Protein chains: 2
Amino acid sequence: MGGPEVERLIGLLAKLPGMGPRSARRAALRLLQEPETRMAPLAAALEEAARMVRRCSLCGNLDSQDPCAICADPHRDRSTICVVEGVSDLWALERAGVHRGLYHVLGGTLSALGGVGPDDLNLRPLLARIEAGGVAEVILALGATVDGAATAHWLSDRLRPLRVVVTRLAHGVPIGGALDVLDEGTLAAALRARRPAQ
Amino acid sequence: MGGPEVERLIGLLAKLPGMGPRSARRAALRLLQEPETRMAPLAAALEEAARMVRRCSLCGNLDSQDPCAICADPHRDRSTICVVEGVSDLWALERAGVHRGLYHVLGGTLSALGGVGPDDLNLRPLLARIEAGGVAEVILALGATVDGAATAHWLSDRLRPLRVVVTRLAHGVPIGGALDVLDEGTLAAALRARRPAQ
């Protein structure tokens with residue numbers, strides 16, 4: 001329907017995360033019905049973002065400036081680096097607005113099965129940042145997966161000789177989460193890390 | 001995060017049907033991480049579709065050719081016109097592959113409350129198509145809503161003097177649908193229209 005141009009647009013929209021063939025058709029139709037007010041601005045925004053946005057050469061964040069706005073911000077605490085797997089994790093932490101230090105984006109996790117070694121990740125630049133001095137704490141905000149834990153372990157080993165405090169995020173019950181839908185690993189971690197009630 | 005270009009892209013993606021702020025962020029990030037293979041093709045597809053796709057001057061379908069591929073297809077049955085509210089309904093019927101005739105897209109329904117009258121819709125061109133002759137049946141494939149029913153009623157009145165058979169889609173239980181989740185109106189319609197079991 002609509003000719004090859006429409007089919008191609010639907011095909012590309014359907015590949016976006018969270019979209020499928022059905023929602024891609026609806027989105028394409030909405031765009032086609034408002035070419036001036038919806039389609040053209042989206043095309044322009046995509047082009048501009050593709051042209052402007054680059055990886056930050058310090059931390060690996062994506063931004064239209066390099067160093068990124070976080071690395072360039074004089075008000076951020078430069079003595080604390082929060083290590084994350086991906087930019088989406090960095091964005092999630094920024095939305096929470098609790099970390100006032102810097103970040104380092106690894107671009108994934110070490111994975112023996114997946115054949116991902118230290119040189120496939122943005123790991124050595126992190127060691128170089130810490131070796132350059134001025135860093136007091138490294139917070140490992142990696143996923144609570146096998147590969148995330150292995151990566152945290154590898155990093156802890158490498159960071160220990162550099163005289164830096166290495167911490168990790170707490171495990172526990174999510175705020176607003178019901179207990180009966182949580183997996184046993186989370187429940188066990190939450191119980192072990194129990195704290196005095198206030 | 002990511003600068004104004006990224007924020008603008010996320011804002012535009014979030015307005016697509018089926019997307020929200022969270023999925024728009026994920027989609028933007030995926031696009032940003034693959035600017036060459038994902039972002040540029042999507043921008044190009046949007047621009048090409050905006051440039052090429054127009055409303056069919058006969059039926060109101062969206063296509064990169066005018067008349068649209070359906071109106072131009074010599075193998076379609078030109079004596080049957082299926083009247084739909086929107087292009088998405090036309091696409092849905094085409095995917096089902098059961099209608100071999102032509103279409104007419106109204107672009108909405110009459111609505112007393114919404115202030116939508118006959119001249120706000122693609123209604124009079126439909127009457128003109130039928131008055132031009134050669135049409136034996138008009139299938140009203142309008143939504144089973146108050147406004148859809150009112151529009152079907154208005155059209156039936158106008159079409160009767162033109163000596164054309166006017167039909168509507170059957171109501172009933174959707175294929176694969178469970179009875180206990182259906183509303184009472186659908187159940188009543190399905191019961192009234194019951195047919196001999198095979």
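The structure this text deals with has already been given above.
The structure reproduced in this document is the subject of the present report.

Thresholds applied
Residues numbered from 1 in each chain as written. Chains lettered and ligands numbered in written order. Predicted model: local features only at pLDDT ≥ 70, side-chain atom pairs only at ≥ 80, totals over all residues. Heavy atoms only, no water. Pairing = 2+ DSSP bridges. Helix = DSSP H or I, 4+ residues; strand = E, 2+ residues; numbered from the N terminus. Axes fitted to C-alpha atoms, helices over the stretch in contact; angles between N-to-C directions. Buried < 20%, exposed > 50% of the residue type's maximum accessible area, 1.4 Å probe, protein only. Arc of directions from axis to C-beta. Contact = heavy atoms within 4.5 Å. Buried area = accessible area lost by both parts, 1.4 Å probe. Salt bridge = Lys/Arg side-chain N within 4 Å of Asp/Glu carboxyl O. Nonpolar A, V, L, I, M, F, W, Y, C, P; charged D, E, K, R; others polar.

All names here are of chain A. Pairing is parallel in the open sheet, where four strands are placed in the order β4-β3-β5-β6. Edge positions in the sheet fall to β4 (101-105) and β6 (165-168), since each of these pairs with one other strand and no more. Neighbour to neighbour, the strand axes of the sheet diverge by 25° on average, direction disregarded. Relative to β6, strand β5 (residues 137-141) runs parallel, the two being bridged by four bridges. By the bridge assignment, glutamate 137 is partnered in β6 with valine 165.

All names here are of chain B. Within the span of helix α5 (residues 87-96), buried status applies to Val87, Leu90, Trp91, Leu93 and Glu94. An end-on view of α5 places all buried positions within 165° of arc, on one side of the element. Positive phi shows up at glycine 97, right after α5, with a value of about 65°.

Residues and elements named next belong to chain B. Taking strand neighbours across the sheet as the criterion, the four strands line up as β4-β3-β5-β6 in an open arrangement whose pairing is parallel. The open sheet has two free edges, formed respectively by β4 (101-105) and β6 (165-168), since each of these has just one partner strand. Pairwise comparison of adjacent strand axes, ignoring direction, gives a mean angle of 25° for this sheet. Here strand β3 (residues 77-84) runs beside strand β5 (residues 137-141); their pairing, made up of five bridges, is parallel. Its bridge partner being in β5, valine 83 is matched across the sheet by leucine 140. Where α5 meets the sheet, it contacts β3, β4 and β5, and its direction lies at approximately 160° from that of β4. Taken strand by strand, helix α6 (residues 124-131) contacts β3, β4 and β5, and its axis lies near 150° from that of β4.

As a further point, take unusual backbone geometry. Omega for the bond connecting Asp66(A) with Pro67(A) falls within 30 degrees of zero, at 0°, which places this linkage in the cis form. Structurally, Pro67(A) can be placed in the loop between β2 (62-63) and α4 (69-72). The phi angle at Arg163(B) is positive, at roughly 55°, despite the residue not being glycine. Relative to the assigned elements, Arg163(B) resides in the loop between α7 (146-159) and β6. In this structure Arg163(B) comes out as exposed when scored by relative accessible area, which is 77%.

Interfaces are often described in size by the accessible area the parts lose on coming together. The interface of chain B with chain A comprises 48 residues on the first partner and 48 residues on the second. Between chain B and chain A, roughly 4700 Å² of surface is buried when both sides are summed, and carbon and sulfur atoms account for 73% of that area. Inspection of the chain B/chain A interface yields two salt bridges. At the level of secondary structure, the elements contributing two or more residues to the side of chain B that touches chain A comprise α1 (4-14), α2 (21-33), α3 (35-52), β2 (62-63) and α5 of chain B. A per-element tally of the side of chain B that touches chain A places α3(B) first, with 13 residues. Residues that form the side of chain B that touches chain A fall into these classes: 28 nonpolar, seven polar and 13 charged.

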